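Now for the letters of each chain:
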Amino acid sequence: MKKIMIFVFIFLIAFGLIVNSYRFFEDGPFYTKFVKSTDLSNEIFDKVELHDNINTSAYTKRFGKPLEKDDNDAYDYYFWKNGLTTASIINGENKGEIVRLAIGNINDSEKQSDLKTSKGIELGDSKEKIISLYGPNYFKYVEQGCDTIGYVDKKNKKILEFWFADKVVEIRLDDLNMD
């Protein structure tokens with residue numbers, strides 16, 4: 001009887017750990033799990049916010065038609081005249097909803113935009129300037145040959161990333177759950 005009780009106890013603990021482990025994996029990339037949250041609630045690029053819809057009349061009236069469209073399997077990427085790139089949902093009830101805002105391009109280190117983050121970071125700025133304005137709670141990784149640092153807002157489900165080639169060459173603001 002004692003062995004059965006121990007087995008049931010261990011089984012219940014294991015079951016509880018498995019059931020509750022989804023919380024660890026539910027939001028955002030793995031590398032965002034081990035960094036403290038930073039408030040990014042005021043982050044917008046040129047008065048465009050995540051989850052704005054590019055199909056609304058207010059959006060098209062303000063920005064007109066995109067200069068270019070790049071079809072992707074998961075998202076439609078649009079390139080706008082102000083140097084902003086948006087990625088939006090392709091289909092379904094949220095079609096046109098913006099899930100990524102980007103300034104610059106890692107493949108072109110020339111400054112293509114004068115847009116800034118809410119704290120004034122722009123293309124060409126240094127890592128030190130970013131850390132002085134956004135704080136020390138950042139994650140880092142290397143992708144496509146670029147050093148990248150980023151901040152995560154777990155409450156508002158946003159990620160702000162800065163891509164470097166000696167200086168900032170791209171800035172991305174993503175929905176935390178963007179693939």
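Residues numbered from 1 in each chain as written. Predicted model: local features only at pLDDT ≥ 70, side-chain atom pairs only at ≥ 80, totals over all residues. Heavy atoms only, no water.

> What's the story with the pairing of strand 3 (residues 84-89) in this structure? I'm lost.
For a regular strand, side chains alternate in direction, first toward one face of the sheet and then toward the other. For strand 3, the buried fraction is high: five of the six residues fall into the buried class. Note that strand 2 (residues 75-79) and strand 3 share five bridges and pair antiparallel. Across the sheet, the residue bridging to Tyr77 is Ala87, located in strand 3. Linking two consecutive strands that pair antiparallel, namely strand 2 and strand 3, is a turn of four residues; a positive phi of about 90° is found at Gly83 within it. Where strand 3 and strand 4 (residues 98-104) come together, five bridges link them in antiparallel fashion. (Buried < 20%, exposed > 50% of the residue type's maximum accessible area, 1.4 Å probe, protein only. Helix = DSSP H or I, 4+ residues; strand = E, 2+ residues; numbered from the N terminus. Pairing = 2+ DSSP bridges.)

> Help me understand the side chain of Glu170 in this model?
Turning to its location among the elements, Glu170 is positioned in strand 8 (residues 168-175). There is a polar contact of 2.7 Å between the side chain of Glu170 and the side chain of Arg172. (Polar contact = N/O pair within 3.5 Å; in protein donor to acceptor, adjacent residues only side chain to side chain.)

> Sorry, what's going on with the confidence of the model for the protein here?
Interpretation of the predicted coordinates at a detailed level should be avoided for regions scoring low in pLDDT. Residues at a pLDDT of 70 or more form 82% of the protein, whose mean pLDDT is 83. Per-residue pLDDT, averaged within each element of the protein, yields its smallest value for helix 2 (residues 22-25) (45) and its largest for helix 4 (residues 127-134) (96). When the criterion is pLDDT under 50, residues 21-26 qualifies, and its contacts beyond four places in sequence or with other chains add up to five contacts. (pLDDT = per-residue confidence, 0-100. Contact = heavy atoms within 4.5 Å.)

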